[in-house]
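# Results of the structural survey
Each chain, written out:
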Amino acid sequence: MKIIRRNISMRKFDISVLYVEDDSVIREKFKKILIRKVETLYVAENGLIGLKMYEDHKPDMILSDIKMPEMNGLEMIERIKKTNKDAKAVIMSAFSNPNYFLQAISIGVQGYLIKPVETRQLFKVMKEIAEKVFLEENIKGEEHKREHLEDTLKQSESVQKAVTYATEEFLRFDFSEDTFKKVLKNLGKATGASRISIFENKEVNKVLVTSQILEWTNKNIRPKIDNPYLQDFPYVKGGYKRWVELLKQDKPIYGLVKEFPVSEQENLRSQNIISIAVLPIFIHNKWWGFIVLDDCLKERIWTDTEIKTFSVAADIIGAAIHRNQVEKELLKLNDELEIRVEKRTKALQEQINDRKLIEILLRESEEKYRQIFENANDGILLSVNGVVRFINPKLYEITGYLPKEAINRPFTDFVHPEYRDLVLQNHIGRLKGLDVPERYDIKAFNKKGEGKWYEVKSALITWEQSPAVLTFVADITQRKETANQLAELNQHLEKRVQEELKKIEVQRQLLIQKSKLESLGELAAGIAHEINQPLGGISMALDNMLIKIKDKSYTPKYLITKISQTFEDIDRIKTIIDHIRSFSRDQEKLEVSKVNVNNVIHNALSMLNTQYANHNINFILDLEETNNYIAGNQYRLEQVLLNLLSNAKHAVDQKKQELGESVSYNKRIQISSSSRDKNLIIVVEDNGIGISAKHMNKVFDPFYTTKEVEIGTGLGLSISYGLIKEMNGDIKVESNKDQFTIMTITLPKYKSKK
């Protein structure tokens, strides 16, 4: 017997659950827990809403609190049980009142859990109920399958008879048109198809074509036998190359027309075909044509069994000349059907036997009291006058004490000496009606003498007309040990986090410095040119002075003028070197100060002048002359601008290379600054190759680049993004492929300290 099994142990329970709880905090907590464990969850804040949700959705399981406004949980479950006695319900309440306990038993709930409920306890109960739900579903499902199988077997028998009829007709008579029409009519009625047609292949001018030669149509279905479009129809030119490839390999084509390739849909839809099955016909091992069954009224899913049966019909038609082969195919089909019927009959018999067993189990499960008490997730003991009178199997499982070893002994015998006074004090206070804790943790001994941690929850009840205490016991030893381990791990966690953060910061500083060095390397030619100009001036001035000295034609004024010019050139070289040294030095901490954005832009441009000149780039400068101060770091902003300008240069150079020398294209880069509210905006725009849409979301990712390996590492924009974020700013990109790229930097304006 094939049983439907859902995953109820590893991940989610494939059931629907109605959760009813009036406490919003508890409701949200368990909602998050349950939604990760069940496929469908309905949540209600009281019994009245819960009853309405059950009537609307019919969930597999009800999980409810007791005390709620409008209608309590037990009343809700009792109302539900009147309409569906098989409804599965579990009470999850903070009240261990025996009256509630007994009422829950009487109305037939499947579980009674005392809050706070551990998820492990709750999931165990849910798993047991889920298994029962799945078992009942299997019974219903197998009944449905049996009915469906009977219908399928009837149709299969009908189709088999039609195939047999076709065999007899072809064996008894010649292959005339009347014989074909009788066979198609019989097959059409057996299958319920809208139309059945036979197509024959041939070659016209060395082109493979096919023509409709026979057709049967059901009532109210328009015939297509006179459609000239279906005569000498070319497969490949008509968009049916796929049919040739599959049918030549004796592979059927079937399914919904809407799922077929677009090239095939138009022709099929013009014939009002919704579903289709096409079976190849072979004669002498050569593809002769095909038989096609279609449905024009509904979306029909052809089963593998139907396709196999249709294939047999196609084989009978194609292999009518070889009658022995047809007979073998029919015998094979009959054998397969008999084996399937025999296997299915055996499976149905096993299903009946299993169903009888399930009915016995369900009758036994009607023992409501034993089901709740003996299968409770907590250990339960009843004590009168401090003496144990009764324990459930779960308490034996937790402690190892058999009922005969625990009953008639004082419960304090099992409590650790350090907690006996506490337990006795609470016990006596509870008997006197004092306000004592209902729930607390203690240490007690199991049968092996091991000290274990237990959570106890006690309630005062009446037993045989005497005051008694009903105590629920849960083993929390593992939870305590886990808590201790977590506390120990937390002591080391912060130290480890700080160490890792320091390592990450060091690596980030190294990457920033690497980016600076890459920028300096790229700018080396321009910097050398900037230094060579004043060096040339110094050399020329010294040469002139030597000539004048030799000729003794100099004057003091001349020497003073030349020496002054030389010192100016030396100061210019010193300024360039100092700027490069400041820019390239490693700054471990971000030094934030008042920065003039225009000066930073000009500094960056001074290092790029030669590169722009050599690359014929038209540079446009539009800067805000007032309110142009930000709170940031001059050198890190300069590093960002150098990176953006380098990318812009690469973009326009690449576009020029792609367009070629024959196409007129003016390289353009524009940099502007403007004031906006409390921020200063810097925009770098180029008319280069742009960025495609698929790369836009990744441009700021580390090591992501579309440049060649020798051109870029993918660190520039990532580091630029980080540097701008360090200065409490933002950087965004806008681009159209082959049109433009706009990089926009937003930085907070400098606020003077008053």
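Refer to the structure presented above.
### So, the sheet that holds strand 15 (residues 451-463)
What the 5 strands build is an open sheet, ordered 13-12-16-15-14; its pairing is antiparallel. In this open sheet, the two strands that pair with only one neighbour each are strand 13 (387-391) and strand 14 (439-445). With strand direction ignored, the average angle separating the axes of adjacent strands in the sheet is 40°. Across 10 bridges, the pairing between strand 15 and strand 16 (residues 466-475) is antiparallel. Bridging across to strand 16, Thr 462 finds its partner in Pro 467.

### Quick word on helix 7 (residues 241-248)
Within helix 7, burial applies to Trp 243, Val 244 and Leu 247. All buried residues of helix 7 fall inside an arc of 100° around its axis, so they share one side. On its buried side, helix 7 packs onto strand 7 (207-217), strand 9 (253-256), helix 8 (262-270), strand 10 (275-283) and strand 11 (286-295).

### Description of the packing of helix 17 (residues 597-606) against helix 19 (residues 634-659)
Packing of helix 17 against helix 19 brings their axes to within 9 Å, and their N-to-C directions diverge by 50°. By the criterion of interaxial angle, the relationship of helix 17 to helix 19 is oblique. For the crossing formed where helix 17 meets helix 19, the hand is right-handed. Facing Val 600, Ile 601, Asn 603, Ala 604 and Leu 605 of helix 17, the residues of helix 19 in contact are Gln 634, Leu 637, Glu 638, Leu 641, Leu 642 and Leu 645.

### Let's talk about the sheet that holds strand 9
Taken in spatial order, the 6 strands line up as 8-7-6-11-10-9 in an open sheet, and their pairing is antiparallel. Two strands in the sheet have a free side with no partner beyond their single neighbour: strand 8 (233-234) and strand 9. Note: strand 9 against strand 10, 4 bridges, orientation antiparallel. The residue bridging Ile 253 from the neighbouring strand is Val 278, located in strand 10. Sheet strands touched by helix 6 (residues 177-191): strand 6 (195-204), strand 7 and strand 11. Its angle to strand 7, the strand with the most contacts, is close to 70°. The sheet contacts of helix 9 (residues 304-318) involve strand 6, strand 9, strand 10 and strand 11, and relative to strand 10 the element is tilted by about 35°.

### Considering the nonpolar core
Residues Leu 637, Leu 641, Leu 644, Ile 724 and Ile 745 are the most contacted members of the largest nonpolar core, which totals 39 residues. At 8 residues, helix 19 tops the list of elements feeding residues into this core. With near-sequence residues (within four places) excluded, Ile 724 lies in contact with Leu 637, Val 640, Gly 729, Asp 730, Ile 731, Ile 745, Thr 746 and Leu 747. Counting 31 residues, the second largest nonpolar core, distinct from the first, contains Tyr 54, Met 76, Phe 101 and Ile 114.

### Let's talk about helix 2 (residues 47-57)
Among all positions of helix 2, only Gly 47, Gly 50, Leu 51 and Tyr 54 are buried. Down the axis, helix 2 shows its buried residues gathered within 100° of arc, on one side only. As for helix 2, its buried residues are in contact with strand 1 (13-20), strand 2 (38-44), strand 3 (61-64) and helix 3 (73-83). In this structure Asn 46 caps helix 2, since a side-chain oxygen of it lies 3.1 Å from the backbone nitrogen of Leu 48. With its phi angle positive at about 50°, Lys 58 sits one or two positions after the end of helix 2.

### Observations concerning the packing of aromatic side chains
Counted by the stated rule, this structure contains 11 aromatic pairs. Arranged with centres 4.8 Å apart and planes meeting at 70°, the rings of Tyr 401 and Phe 414 form a pair that is edge-to-face. With Tyr 401 in the loop between helix 12 (393-399) and helix 13 (403-406) and Phe 414 in the loop between helix 13 and helix 14 (417-431), this pair connects stretches of sequence that are 13 residues apart. Each member of the pair Tyr 401 and Phe 414 is classed as buried. Taking 5.6 Å as the distance between ring centres and 75° as the angle between the ring planes, the aromatic pair formed by Tyr 419 and Trp 453 counts as edge-to-face. Of this pair, Tyr 419 sits in helix 14 while Trp 453 sits in strand 15, and the two are 34 residues apart along the sequence. What makes Tyr 419 buried here is its relative accessible area of 18%. These aromatic residues form a ring-pair network of at least three members: Phe 199, Tyr 229, Phe 233, Tyr 240, Trp 243 and Phe 290.

Procedures and definitions
- Residues numbered from 1 in each chain as written.
- Predicted model: local features only at pLDDT ≥ 70, side-chain atom pairs only at ≥ 80, totals over all residues.
- Heavy atoms only, no water.
- Pairing = 2+ DSSP bridges.
- Helix = DSSP H or I, 4+ residues; strand = E, 2+ residues; numbered from the N terminus.
- Axes fitted to C-alpha atoms, helices over the stretch in contact; angles between N-to-C directions.
- Buried < 20%, exposed > 50% of the residue type's maximum accessible area, 1.4 Å probe, protein only.
- Arc of directions from axis to C-beta.
- Contact = heavy atoms within 4.5 Å.
- Parallel < 35°, antiparallel > 145°, perpendicular 65-115°, else oblique.
- Left-handed = near helix turned anticlockwise from the far one by under 90°.
- Core = buried A, V, L, I, M, F, W, Y, C linked by side-chain atoms within 4.5 Å.
- Polar contact = N/O pair within 3.5 Å; in protein donor to acceptor, adjacent residues only side chain to side chain.
- Phe/Tyr/Trp six-rings, centres within 6.5 Å; stacked < 30°, edge-to-face > 60°.

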